[in-house]
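Structural description and commentary
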Amino acid sequence: MKVLASDFDGTFCHYGTVSEENIQAVNQWRKDGNLFGFITGRDLRLMKSMLDQFSIPFDFLVCGSGATVYDQELNLMWQSTFDDGIVSRIYGEPMVRSSQHIMLSDPEYSWLILQDPASPFHEDGNLFTSITWDQAMNLHGINQISLAFPEVETARICAQRLNEKHADCLTANHNFHCIDITPKGINKCSALQVLLELYGWPPSQLLTVGDGENDRAMIREFHGFTVENASPSIQEIAAKTYSSVAELIEDQR
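Everything in this summary refers to the structure shown in the same document. (Residues numbered from 1 in each chain as written. Predicted model: local features only at pLDDT ≥ 70, side-chain atom pairs only at ≥ 80, totals over all residues. Heavy atoms only, no water.)

The next subject is the pattern of salt bridges. Considering all chains together, one arrives at 12 salt bridges under this definition. Residue Asp-7 pairs with Lys-188 through a salt bridge whose shortest N-O separation is 2.9 Å. Taken together, the residues span a long stretch of sequence, with Asp-7 in the loop between strand 1 (3-6) and strand 2 (13-14) and Lys-188 in helix 7 (residues 188-199) at a distance of 181 residues. Residue class for Lys-188 comes out buried when judged on its relative accessible area of 1%. Among the salt bridges present, the one from Lys-165 reaches Glu-93, with a minimum N-O distance of 3.1 Å. One end of the pair, Lys-165, is in helix 6 (residues 152-165); the other, Glu-93, is in the loop between helix 3 (86-91) and helix 4 (94-97), with 72 residues separating them in the sequence. A residue is classified by how much of its surface remains accessible, and Lys-165, at 53% relative accessible area, is exposed. (Salt bridge = Lys/Arg side-chain N within 4 Å of Asp/Glu carboxyl O. Helix = DSSP H or I, 4+ residues; strand = E, 2+ residues; numbered from the N terminus. Buried < 20%, exposed > 50% of the residue type's maximum accessible area, 1.4 Å probe, protein only.)

With that out of the way, let us pick up the sheet that holds strand 12 (residues 170-175). Across a sheet, paired strands are connected by hydrogen bonds in the backbone, their directions being either parallel or antiparallel. Strand order across the open sheet formed by six strands is 10-9-8-11-13-12, with mixed pairing between neighbours. Only two strands of the sheet have a single neighbouring strand rather than two, namely strand 10 (129-130) and strand 12. Bridge count between strand 9 (residues 110-114) and strand 10: two bridges; the pairing is parallel. Its bridge partner lying in strand 10, Trp-111 is registered against Thr-129. Relative to strand 12, helix 6 is tilted by about 165 degrees, and along the sheet it contacts strand 11 (144-148), strand 12 and strand 13 (178-183). (Pairing = 2+ DSSP bridges. Contact = heavy atoms within 4.5 Å. Axes fitted to C-alpha atoms, helices over the stretch in contact; angles between N-to-C directions.)

Structural data, given as structure tokens:
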């Protein structure tokens with residue numbers, strides 16, 4: 001048995017669309033007795049909407065850039081949460097207040113502070129509860145805070161500053177124009193270690209694939225793979241580059 005953990009956006013899904021080729025490949029992979037799951041920066045609601053829309057099969061799900069782990073039935077298996085007070089610390093950063101939105105998530109729900117109509121979530125208001133900064137200060141059990149900026153470089157600089165100034169309590173995972181902020185030390189790589197412990201899988205059985213900076217650690221740690229649209233720096237550390245997840249599955253069966 002092999003276990004394949006795939007990033008979603010930019011790896012399995014492109015521009016909001018999932019190919020039938022990828023879905024069929026996953027079905028065959030699982031029919032062969034292997035396991036397949038997603039490891040994504042999306043929160044549960046955003047991810048579930050895509051799983052339902054495209055009827056994508058899976059055996060496990062990691063959301064929030066590693067902050068939450070779910071089983072096949074979407075039962076919460078593990079989570080890591082921020083200490084109370086993290087929102088006020090984040091609010092103190094001027095660059096954070098210039099983000100197009102601030103999304104705060106716990107294992108079941110997400111709240112959105114919409115600061116710019118250009119936010120990619122402007123049209124997805126039905127998936128979130130709109131709140132103010134003052135209301136956000138009273139939330140508890142938050143495990144991910146997500147930001148978005150118009151420019152990739154602005155997002156990179158903001159993530160760097162957050163990691164430098166708040167290394168005692170958070171990890172800022174930068175990916176293109178977005179930043180996913182998780183509790184200290186939590187990322188996709190750490191979540192895969194949790195999965196190995198929960199299910200008793202040998203590391204040698206685990207395959208990973210991703211395309212972004214927030215996939216770098218797991219690709220390096222588990223000698224993982226990437227896809228052709230990944231940046232050259234990600235392709236350099238990957239064991240192999242594929243045109244699609246379907247091609248990877250066919251090669252690794």
